[in-house]
Amino acid sequence: MLNKASKASAKTQGPFCSQKICQILVKHGLIVVEQAKEILKRKDKYFEKLEKVRRIGRNRSDIRISNPVTIVDVIASMNLKRADAPSQLLDEEIIFQVLSKEWKMQYKKIDPLKLDLNLVTTTITKSFAMNHLILPVAVEDGCLTVATSNPFNMEALEDVARASKM
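Described below are features of the structure shown in this document. The structure presented is a predicted model; accordingly, all values stated were derived computationally and were not measured.

1. Overview of the pattern of salt bridges
Okay, step 1: Tallying each qualifying case throughout the model produces 6 salt bridges.
Okay, step 2: Notably, a salt bridge pairs Asp 44 with Lys 43, separated by 3.5 Å at the nearest N-O pair.
Okay, step 3: Of the residues examined, Asp 44 reaches a relative accessible area of 39% and is grouped as partly exposed.
Okay, step 4: Accessibility expressed as a relative area gives 12% for Lys 43, which makes it buried.
Okay, step 5: Of the charged contacts, one joins Asp 159 and Arg 162 as a salt bridge, the two residues approaching to 2.3 Å between their closest N and O atoms. With Asp 159 and Arg 162 both in helix α8 (residues 154-164) and 3 residues apart, this pair spans about one turn of that helix.
Okay, step 6: For Asp 159, a relative accessible area of 25% puts it in the partly exposed group.

2. Considering the nonpolar core
Most often, soluble globular proteins have nonpolar side chains that are buried together.
Okay, step 1: One finds Ile 21, Leu 25, Ile 39, Ile 75, Leu 90 and Leu 99 to be the most contacted residues of the largest nonpolar core, which totals 25 residues.
Okay, step 2: Here this core takes 5 residues from helix α5 (residues 92-102), the largest share from any one element.
Okay, step 3: In this view, Leu 99 contacts Ile 21, Ile 24 and Val 72; residues no more than four positions away in its chain are not counted.
Okay, step 4: The next biggest cluster of nonpolar side chains, apart from the first, holds 8 residues, and it includes Leu 119, Ile 134, Leu 144 and Val 160.

3. Regarding the packing of aromatic side chains
Okay, step 1: Considering all chains together, one arrives at 3 aromatic pairs under this definition.
Okay, step 2: Aromatic pair Phe 16 and Trp 103: ring centres 5.4 Å apart, planes at 80°, arrangement edge-to-face. On the criterion of sequence distance, the pair formed by Phe 16 in the loop between α1 (4-12) and α2 (18-27) and Trp 103 in the loop between α5 and α6 (117-123) is long-range, its members being 87 residues apart.
Okay, step 3: For Phe 16, a relative accessible area of 10% gives the class buried.
Okay, step 4: Taking 4.8 Å as the distance between ring centres and 85° as the angle between the ring planes, the aromatic pair formed by Trp 103 and Phe 152 counts as edge-to-face. A residue pair is termed long-range when its members are at least 10 positions apart, and Trp 103 in the loop between α5 and α6 and Phe 152 in the loop between β2 (143-148) and α8 qualify at 49 residues.

Rules behind the numbers
Residues numbered from 1 in each chain as written. Predicted model: local features only at pLDDT ≥ 70, side-chain atom pairs only at ≥ 80, totals over all residues. Heavy atoms only, no water. Salt bridge = Lys/Arg side-chain N within 4 Å of Asp/Glu carboxyl O. Buried < 20%, exposed > 50% of the residue type's maximum accessible area, 1.4 Å probe, protein only. Helix = DSSP H or I, 4+ residues; strand = E, 2+ residues; numbered from the N terminus. Core = buried A, V, L, I, M, F, W, Y, C linked by side-chain atoms within 4.5 Å. Contact = heavy atoms within 4.5 Å. Phe/Tyr/Trp six-rings, centres within 6.5 Å; stacked < 30°, edge-to-face > 60°.

Structural data, given as structure tokens:
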């Protein structure tokens, strides 16, 4: 379990740093500078609220997901209007589309009806997948492709590579 100091540092460092994410969203026209300032001003209250909701959900469920709340979760929960399309809300999907473009990574919307259930259920354990939010989506030429909300979790990706031998 993270203590309060390490939780705060986890929120402000790395690729999911609040300021970096806001800068990327401004750069790509999804929010304006004023919205970014508002996000940065109000983010701590939203982090606390979302973490509380997740704790309550974990206590009620037998499924354990240890993925921490990120600034993407916070921004999506604020129900902000998009600067480039004011009739639409800024949601998690568009945020991740823009982040994947910025980070030069492929974005793929998962269609649960098109998943290869054999691949999903035999490649990694359910508990590992839920714990790290990693989903096997394809195998091609001995290379496993996974979907994840945190492509920077190298430890989890290395564990998947070891376990799957791909």
